[in-house]
Amino acid sequence: MQTSIDPDEVAKFEAMAAEWWDPAGKFKPLHMMNPCRLEFINAQIAEKFGRDITKPLPFQGLRILDIGCGGGLLSEPMARLGAEIIGADASKGTLPVARIHAEQMGLTIDYRHASAEELGAAGEKFDVVLNMEVVEHVAQPLEYLTSCQALLKSGGLMLTSTINRNPKSYMVAIVGAEQIMRWLPKGTHEFDKFITPSELETMIGQAGLQVTGQTGFVFNPFGWSWSLSNRDLSVNYAIAAVKP
């Protein structure tokens, strides 16, 4: 089956698989950003499906796909909130790490070595697709987003995050994170694969979804913290979209 998977990108993450749950390891940037990502995700899902996030198991009854799940940094919080969560990743070596950690946490998560295209061919459908920090690593972004759209139920929600393409994002995501701070191995990101918000919004529309909002994830180097912004999409950002 033809897929949008880029084998070179998969190999990068295979090499780092054992470090997914080390907050000081090669995935330190994701651990640092995760509370901010979860704040965005939880608010979007709660608003779309009328759920009260302060109540126990607010996402119970929702079927959520975490595509490009890695070690499960997003899958596990969704499971704790009551969702039926499927974590899919193209990196086969990552999944044992995710499964062991979920078992240690007492969580039931269905982790699968599968692409979006393979899940679609199997007839899978979801209320929510979490498409976080993946689209900049695939070979054909539009084809990939179209495959993700096909996985949504009518009225379903897709949340897509990535990195903007401009001089600031190059300095922050590549020079800063990879070369100076060494939070990530050199070559983890390729500047040419970064996507501007307007480009991503256009592709999401071409894939058959309606964009409902954009949000920036902003790093404060002085407070060493992340926050959400409705205006600053200059580096990390996310787009919410629904299937008509």
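In case you missed it, the structure is sitting above this.
For clarity, every value in this text was computed on a predicted model and none was experimentally measured.

Caption draft 1: The arrangement of the sheet that holds strand 7 (residues 225-229) in detail. Strand order in the open sheet formed by eight strands is 3-2-1-4-5-8-6-7, with mixed pairing between adjacent strands. Strands with a single pairing partner mark the edges of an open sheet, and in this sheet they are strand 3 (110-113) and strand 7. The average undirected angle you get between the axes of adjacent strands in this sheet is 20 degrees. Bridge count for strand 5 (residues 152-163) against strand 8 (residues 236-242) is seven bridges, and the pairing is antiparallel. Residue pairing in the sheet places Met158 in a bridge with Ala241 of strand 8. Across the sheet, helix 6 (residues 141-150) touches strand 1 (63-67), strand 4 (126-132) and strand 5, and the angle it forms with strand 5 is around 145 degrees. The strands touched by helix 8 (residues 197-206) within the sheet are strand 5, strand 6 (210-220) and strand 8, with strand 8 carrying the most contacts at an inclination of about 20 degrees.

Caption draft 2: Molecular detail of the packing of aromatic side chains. Counting across every chain of the model gives five aromatic pairs. With a centroid separation of 5.8 Å and an interplanar angle of 70 degrees, the aromatic rings of Phe191 and Phe194 are classed as edge-to-face. The exposure class of Phe194 is buried, given its relative accessible area of 2%. Here Phe219 and Trp224 contribute two aromatic rings whose centre-to-centre distance is 5.3 Å and whose plane-to-plane angle is 70 degrees, an arrangement assigned as edge-to-face. By relative accessible area, Trp224 is classed as partly exposed at 42%. Each member of the aromatic cluster is reached from another via a ring pair, and the members are Tyr170, Phe191 and Phe194. Above the plane of the ring of Phe49 lies Lys48, whose end atom (NZ or CZ) is 5.1 Å from the centre.

Caption draft 3: Here's a closer look at the nonpolar core. Ranked by internal contacts, the top residues of the largest apolar core, which has 35 residues, are Ile41, Ile45, Ile64, Met78, Leu130, Met132 and Leu159. With seven residues, the top contributor of residues to this core is helix 2 (residues 28-49). Here Met132 is in contact with Arg37, Phe40, Ile41, Leu74, Leu159, Thr160, Ser161 and Phe217, once residues within four sequence places are set aside. Core analysis: the second largest hydrophobic core is formed by 28 residues, Ile86, Ala88, Tyr144 and Leu152 among them.

Caption draft 4: Main features of the environment of Leu157. In this structure, Leu157 sits in strand 5. When its relative accessible area of 1% is taken as the criterion, Leu157 is described as buried. Setting aside chain neighbours within four positions, we find Leu157 in contact with Gln44, Ile45, Lys48, Phe49, Asp127, Val128, Val129, Leu152, Ala240, Ala241 and Val242.

Caption draft 5: Structural context of the state of the cysteines. Following the criterion strictly, the structure yields zero disulfides and no others. Cys148 takes part in no disulfide bond, and the closest cysteine sulfur to it belongs to Cys69, at a distance of 13 Å.

Criteria and cut-off values
- Residues numbered from 1 in each chain as written.
- Predicted model: local features only at pLDDT ≥ 70, side-chain atom pairs only at ≥ 80, totals over all residues.
- Heavy atoms only, no water.
- Pairing = 2+ DSSP bridges.
- Helix = DSSP H or I, 4+ residues; strand = E, 2+ residues; numbered from the N terminus.
- Axes fitted to C-alpha atoms, helices over the stretch in contact; angles between N-to-C directions.
- Contact = heavy atoms within 4.5 Å.
- Phe/Tyr/Trp six-rings, centres within 6.5 Å; stacked < 30°, edge-to-face > 60°.
- Buried < 20%, exposed > 50% of the residue type's maximum accessible area, 1.4 Å probe, protein only.
- Lys NZ or Arg CZ within 6 Å of the ring centre and 35° of its normal.
- Core = buried A, V, L, I, M, F, W, Y, C linked by side-chain atoms within 4.5 Å.
- Disulfide = S-S within 2.5 Å.

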